[in-house]
Amino acid sequence: MRFRLLSAQGLSDRALAWLFVGPTIVLLLAFNIFPLLWTIYLSFTNFRANRPNADTVWVGISNYQRVLGDEAIWENMRATAHFLVCSITLQLLLGFALALLLNRRFRSHSFWSTAILLPMMLAPAVVGTFWKYFFEPQYGIFNYIVNFFGGPGAFTMLGDTQLSPWAIVLVDTWMWTPYVMLLLLAGLRSIPSYLYEAAEIDRASAWTTFWRITLPMVMPFIILALLFRTIENFKMFDLVDQLTNGGPGSVTELASIKLKREAFEKWRTGYASALAIIMFVSIYGLSQVAVRFLDKVKQR
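Below, the structure is looked at part by part. (Residues numbered from 1 in each chain as written. Predicted model: local features only at pLDDT ≥ 70, side-chain atom pairs only at ≥ 80, totals over all residues. Heavy atoms only, no water.)

Looking at helix α5 (residues 109-117)
Consideration 1: Restricting attention to buried positions, one finds in α5 the residues H109, S113 and L117. Buried residues in α5, looked at end-on, bunch into an arc of 60°, giving them a common side. (Buried < 20%, exposed > 50% of the residue type's maximum accessible area, 1.4 Å probe, protein only. Helix = DSSP H or I, 4+ residues; strand = E, 2+ residues; numbered from the N terminus. Arc of directions from axis to C-beta.)

Have a look at this one:
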């Protein structure tokens, strides 16, 4: 009825389309595009957010040169890469294993499906705080569990420079493996049953069926899970901030933690903006590689 009234008033289909799409475009420009453009502008200046009335000086690419020449930034990127590779590898392996298990539809299937999904329903800051107390060497139960299975005795998981990077990997894997499992389970259930029936008629082994049917058909979903988790983990902040705050020292200081400290502790807004743009370009580049690989897989 509303479309008929608007058409009766002389509005064309194109005008109607812009009438409904226009507010969304305005909100997109206001909350996404404008902040990005403003950040790009600030990255070429010496602006400091704690001195809004000071003169803003155009410094060109000086901030980018300082970021790329800072050895501490490369250490942060190395820590971020270690976190990305280890956590996503574990999440893909465990998520695929759980998806294969839940795809069998055994008794109490619904209960276990819901129970496995519980960690991803929690806020990352809450998860970080919970695991921080869980790893506490004095009254946390993690040491007790490790020692029960013959561990080395009392140790500090979050205070050890060798163990703390693996602590954030463990917590992130615990939280987001259900998300990966959900994506891969959808992929498994999208495989036509007649493919498995044909493999059974041909007397193909379970290993051959997995490599020739299951894995190729689920590969697009694996790439999607890899893409989504790479983007999210590259900008991971709240969980690591609550769990280790980048410590001990700077071994778990991811690029996002470094960005927060430069922007809101040292108030080097221009420098932090340049770092943010470099991170954005890095994420965008990784995303493009994954998307192109996904397109190639779909064309096979």
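So, the environment of Y179
Consideration 1: Mapped onto the secondary structure, Y179 falls in helix α8 (residues 164-189).
Consideration 2: Note on Y179: relative accessible area 23%, which makes it partly exposed.
Consideration 3: In this structure the C-alpha to C-alpha distance between Y179 and G95, which are 84 residues apart in sequence, comes to 7.8 Å.

Comments concerning the packing of α8 against helix α10 (residues 206-234)
Consideration 1: Following both chains from N to C, one finds α8 and α10 inclined at 145°, their axes separated by 9 Å at the closest point. Crossing angle aside, the handedness with which α8 passes α10 is right-handed. Across the interface between the two elements, D172, W176, Y179, V180, L183, L184, A186, G187 and L188 of α8 pack against T214, V218, F221, I222, A225, F228, R229 and N233 of α10.
Consideration 2: Residues that form the contact of α8 with α10 fall into these classes: 12 nonpolar, three polar and two charged. (Axes fitted to C-alpha atoms, helices over the stretch in contact; angles between N-to-C directions. Left-handed = near helix turned anticlockwise from the far one by under 90°. Contact = heavy atoms within 4.5 Å. Nonpolar A, V, L, I, M, F, W, Y, C, P; charged D, E, K, R; others polar.)

Considerations on α8
Consideration 1: The terminal C-alpha atoms of α8, which comprises 26 residues, lie 38 Å apart, in line with the 38 Å expected from a rise of 1.5 Å per residue.
Consideration 2: The sharpest bend along α8 comes to roughly 40°, located at W176, with the proline P178 sitting one to four residues further on. (Expected span 1.5 Å × (residues − 1). Bend = angle between axes of the 7 residues up to and from the residue.)

Focus on unusual backbone geometry
Consideration 1: Looking along the chain, the bond that leaves G247 and enters P248 is cis, with omega of -5°.
Consideration 2: Tracing the backbone shows P248 in the loop between α11 (238-243) and α12 (255-264).
Consideration 3: Phi angles above zero are rare outside glycine, and N245 is one such case at about 55°.
Consideration 4: Among the structural elements, N245 can be located in the loop between α11 and α12.

Focus on the packing of aromatic side chains
Consideration 1: Applying the stated criterion across every chain yields a total of 21 aromatic pairs.
Consideration 2: Seen from their ring centres, F34 and W38 are 6.3 Å apart, and the 20° between their planes marks the pair as stacked. Placement of the pair is F34 and W38 together in helix α2 (residues 13-42), with a separation of four residues, close to one helical turn.
Consideration 3: Judged by its relative accessible area of 43%, W38 is partly exposed.
Consideration 4: Three or more aromatic residues joined by ring pairs make a cluster, and in this case those are F34, W38, Y41, F44, W58 and Y64.
Consideration 5: Above the ring of Y271, the side-chain terminus of R268 is found at 4.2 Å from the ring centroid. (Phe/Tyr/Trp six-rings, centres within 6.5 Å; stacked < 30°, edge-to-face > 60°. Lys NZ or Arg CZ within 6 Å of the ring centre and 35° of its normal.)

Thoughts on the environment of E265
Consideration 1: In this fold, E265 is placed in the loop between α12 and α13 (269-299).
Consideration 2: Exposure remark for E265: the relative accessible area of 47% places this residue in the partly exposed category.
Consideration 3: Considered as a pair, E265 and I278 are 13 residues apart in the sequence and their alpha carbons are 20 Å apart.

Things to note about the packing of helix α9 (residues 193-201) against α10
Consideration 1: Closest axis-to-axis distance for the α9/α10 pair is 11 Å, and the angle between their directions is 170°. One way to sum up the angle between α9 and α10 is to call them roughly antiparallel. Of the residues in α10, those touching α9 at L195, Y196 and A199 are T209, I213, T214 and M217.
Consideration 2: Residues of the contact of α9 with α10, tallied by class, amount to five nonpolar, two polar and no charged. (Parallel < 35°, antiparallel > 145°, perpendicular 65-115°, else oblique.)

All we've got here are geometric facts, nothing functional implied.
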